[in-house]
Amino acid sequence: MKSGSTSKKPGITALLSPEESNRFNKRVVRFIVTEATIGRLKKQIELNYPDLAIIRIQSHNVHLVNELYSSFPEVFFGDCIVEYRIDLEKIFDTEKYFSTDLDIFIGEENHFGELDQLVSEAFSNYENHYSHNPVLKEFDLIPVYQEWVRSSVTSEDKICLLFFSNEVLCGFFTAERSGSIFRGLLAGVAPQHQRSGVFRQIIRSVKSIFRENGATEIVTNVLLENLPVHKVLQNEGFLISNSFFTIHLNLRTSHSRPPSRRWAKTFKALTPSPTRRRSRLAETTENIY
Ligand SMILES: CC(C)(COP(=O)(O)OP(=O)(O)OC[C@H]1O[C@@H](n2cnc3c(N)ncnc32)[C@H](O)[C@@H]1OP(=O)(O)O)[C@@H](O)C(=O)NCCC(=O)NCCS
């Protein structure tokens, strides 16, 4: 392996995921693929020797998904994610300021109890790409989502908006700020308030509030099957800008047959503590999507 070649190559970004590695007690490496041949992708995977590779591939590269299935023994289709964007500068030329009956607050640490409760109720039946990997299937996602929402309250570059109806917390929306672009991370509505237009009000409010706070664009991801979210985003002026497949490869610990000669060589070369290589791999910040 060449020095410095592991973390980034045009079209493939490999990032060690410390939170997921810790969570699953495996070396988890995330790969973001915009453009690659299967040969280059396999090489990048081999160079980073993950136990679990979580690969996000732009959907126009669907051929890579087929090629991964024929190249590795334990491949699982995790999910399909749709990315939406809204240009707030364009929208607000034509839209009037929106008002809502819900009371809106910025989340603070004293809200953690209510927030944890809301997240555990809203996400009780929620499935993400972990759920489609048999090795991770039994994993309880709720504490992870709770922690992720809490981190949006405590991180300086994130925001958590809380929505109350008659003083009861009924919904939340978290986002990460990067300059004038706000990235929606997670949202949820309490089950007893679902299907009564709360999420629609949340999205309308978020557009106004973010715009007032300097946002020119909001970007957010949604699972293909989450129809209520698609419906609201489409109606509220968001446009689909991209889509991705998430693929899991269970490697090393469970596979019995190396998928290529290169793998066999890599395994032979592995020492029990390959610290030097690990340190060169950039790390990803937690993103449960
Ligand atoms: C997805 C979710 C946010 C929707 O919130 P909500 O407040 O119930 O949504 P709304 O009431 O604003 O409904 C939006 C639209 O979707 C429809 N809808 C809502 N839930 C639906 C369901 N379960 N099945 C079919 N349609 C549904 C509504 O009828 C409405 O359509 P309409 O405008 O034609 O009437 C909420 O169900 C939830 O928190 N789910 C679990 C967590 C989650 O999926 N979070 C989002 C991804 S991070």
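Scroll up to find the structure.
Attention here is on the structure that accompanies the text. (Residues numbered from 1 in each chain as written. Predicted model: local features only at pLDDT ≥ 70, side-chain atom pairs only at ≥ 80, totals over all residues.)

## Observations regarding the pairing of strand E8 (residues 168–178)
The pairing of strand E7 (residues 158–165) with E8 spans eight bridges and is classified as antiparallel. If you follow Phe 163 over to E8, its bridge partner there is Gly 171. Counting the residues between successive antiparallel strands, the hairpin from E7 to E8 contains two residues, one of them, Asn 166, with a positive phi of roughly 50°. Hairpin connection, E8 to strand E9 (residues 181–189): the antiparallel pair is bridged by two residues, and Gly 179 has positive phi, about 65°. (Pairing = 2+ DSSP bridges. Helix = DSSP H or I, 4+ residues; strand = E, 2+ residues; numbered from the N terminus.)

## Some points on the site of the ligand
The environment of the ligand is formed by 20 residues, the closest being Gln 194, Val 198, Phe 199, Arg 200 and Pro 228. Contributing elements (two or more residues each) for the shell around the ligand: E9, helix H7 (198–212) and helix H8 (227–235). A total of five residues in the shell around the ligand trace back to one element, the largest contributor, which is H8. (Near = placed C-beta within 6 Å.)

## Things to note about the environment of Ser 59
Looking at the element boundaries, Ser 59 is found in the loop between strand E4 (52–58) and helix H3 (62–71). Measuring from C-alpha to C-alpha, the distance between Ser 59 and Phe 245 comes to 5.9 Å, with 186 residues separating the pair along the chain. Not counting residues within four places of it along the chain, the set of residues in contact with Ser 59 comprises Ser 243, Phe 244 and Phe 245. (Contact = placed C-beta atoms within 7 Å.)

## Focus: the environment of Val 33
For Val 33, the position within the fold is in strand E3 (residues 28–33). Judged by the 21 C-beta atoms lying within 10 Å of it, Val 33 is buried. With 25 residues separating them in the primary sequence, Val 33 and Gln 58 have C-alpha atoms 6.6 Å apart. The residues contacting Val 33, other than those within four sequence positions of it, are Gly 11, Ile 12, Leu 41, Ile 55, Arg 56, Ile 57, Gln 58, Asn 61 and Leu 64. (Buried ≥ 20, exposed ≤ 12 C-beta atoms within 10 Å, placed from the backbone.)

## What about the environment of His 129?
Relative to the helices and strands, His 129 resides in the loop between helix H5 (112–122) and helix H6 (142–154). When the 22 C-beta atoms within 10 Å are taken as the criterion, His 129 is described as buried. A C-alpha to C-alpha distance of 4.0 Å links His 129 and Gly 78, two positions 51 residues apart in sequence. In this view, His 129 contacts Gly 78, Asp 79, Thr 246 and His 248; residues no more than four positions away in its chain are not counted.

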